[in-house]
Amino acid sequence: MKTEELTVDCGKEVTENSHTDCHKVIMPVRDALDVISGKWKLPIIIAVSRGHKRFRDIERSIPKITSKVLSKELKDLETHKLVKRTVYDTQPVTVEYTLTPYAATLDSVILALQKWGIQHRKKILGK
């Protein structure tokens, strides 16, 4: 790994310090994964970032997601301040979802995952 914090010499003797160093890396990664893990959260963020704002538009843009799952995941993303839900007083009521400025902090993560996914697919499929 290129990031200094992730450079761990596995050949070293295991010490209390190496456990502490490991925990310093693992804990924030676990925190991040608790927020964005699962099959649907990142695809929802990507769909909303591409302009799909209404529930049905988001649902249609993500193959195989169910309404129930989408509803739950949107609530989770809202709880983590990544998505904002706005209800408009129209007839019928209109609800739109937008990304918060905080969600933009995931841009580099999503790009890195995309690049890694392309590279991994090539490696596994040999293409």
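This text follows the structure it describes.
So, a few notes on the structure that sits alongside this text. This one's a predicted model, so the numbers in the text were calculated from it and none came from an experiment.

1. Re the side chain of K41
Then comes step 1: Structurally, K41 is set in helix α2 (residues 41-49).
Then comes step 2: Polar contacts involving the side chain of K41 include one to the side chain of E73, which spans 2.8 Å.
Then comes step 3: In this structure K41 touches V35, I36, E73, D76 and L77, once residues within four positions along its chain are discounted.

2. Quick word on unusual backbone geometry
Then comes step 1: Cis peptide bonds are those with omega within 30 degrees of zero, and the linkage from Q91 to P92 qualifies with -5°.
Then comes step 2: Considering the arrangement of structural elements, one finds P92 in the loop between β1 (83-88) and β2 (94-99).
Then comes step 3: Of note, K64 is a non-glycine position whose phi angle comes to about 75°, a positive value.
Then comes step 4: Turning to its location among the elements, K64 is positioned in the loop between α3 (55-61) and α4 (67-79).

3. Focus: the environment of E96
Then comes step 1: Looking at the element boundaries, E96 is found in strand β2.
Then comes step 2: Considered as a pair, E96 and D57 are 39 residues apart in the sequence and their alpha carbons are 9.9 Å apart.

4. What about helix α5 (residues 107-125)?
It helps to recall that an α-helix has 3.6 residues per turn; residues three or four apart then point in one direction.
Then comes step 1: Under the 1.5 Å per step criterion, the end-to-end length of α5 is 27 Å for 19 residues, consistent within 8% with the ideal 27 Å.
Then comes step 2: In the segment just after α5, G126 is the residue with positive phi, at about 70°.

5. Brief notes about the pairing of β2
Two faces make up the sheet, and in a regular strand the side chains alternate between them.
Then comes step 1: Pairing between β1 and β2: 6 bridges, direction antiparallel. Its bridge partner lying in β2, Y88 is registered against T94.
Then comes step 2: In this structure, the hairpin formed by β1 and β2 is closed by a connection of 5 residues.

6. A short note on α2
Then comes step 1: Of the residues making up α2, those classed as buried are K41, L42, I44, I45, A47 and V48.
Then comes step 2: G51 lies just past α2 and shows a positive phi near 105°.

7. As for the packing of α2 against α4
Then comes step 1: Taken N-terminus to C-terminus, the directions of α2 and α4 make an angle of 80°; their axes are 10 Å apart at the nearest point. Looking at the two axes, α2 sits roughly perpendicular to α4. Side by side, α2 and α4 meet where K41, I44 and I45 of the first sit next to L70, E73, L74, D76 and L77 of the second.
Then comes step 2: Tallied by class, residues from the contact of α2 with α4 come to 5 nonpolar, no polar and 3 charged.

8. Observations concerning the nonpolar core
Then comes step 1: Counting 20 residues, the largest nonpolar core has I44, I45, I58, I62, L74 and L82 as the members making the most contacts within it.
Then comes step 2: Those elements that place two or more of their residues in this core are α1 (16-36), α2 and α4.
Then comes step 3: At 5 residues, the largest contribution of residues to this core is made by α2.
Then comes step 4: Excluding anything up to four places from it in sequence, I58 contacts I44, A47, V48, H52, K53, L70, L74 and Y97.

Definitions and cut-offs
- Residues numbered from 1 in each chain as written.
- Predicted model: local features only at pLDDT ≥ 70, side-chain atom pairs only at ≥ 80, totals over all residues.
- Heavy atoms only, no water.
- Helix = DSSP H or I, 4+ residues; strand = E, 2+ residues; numbered from the N terminus.
- Polar contact = N/O pair within 3.5 Å; in protein donor to acceptor, adjacent residues only side chain to side chain.
- Contact = heavy atoms within 4.5 Å.
- Expected span 1.5 Å × (residues − 1).
- Pairing = 2+ DSSP bridges.
- Buried < 20%, exposed > 50% of the residue type's maximum accessible area, 1.4 Å probe, protein only.
- Axes fitted to C-alpha atoms, helices over the stretch in contact; angles between N-to-C directions.
- Parallel < 35°, antiparallel > 145°, perpendicular 65-115°, else oblique.
- Nonpolar A, V, L, I, M, F, W, Y, C, P; charged D, E, K, R; others polar.
- Core = buried A, V, L, I, M, F, W, Y, C linked by side-chain atoms within 4.5 Å.

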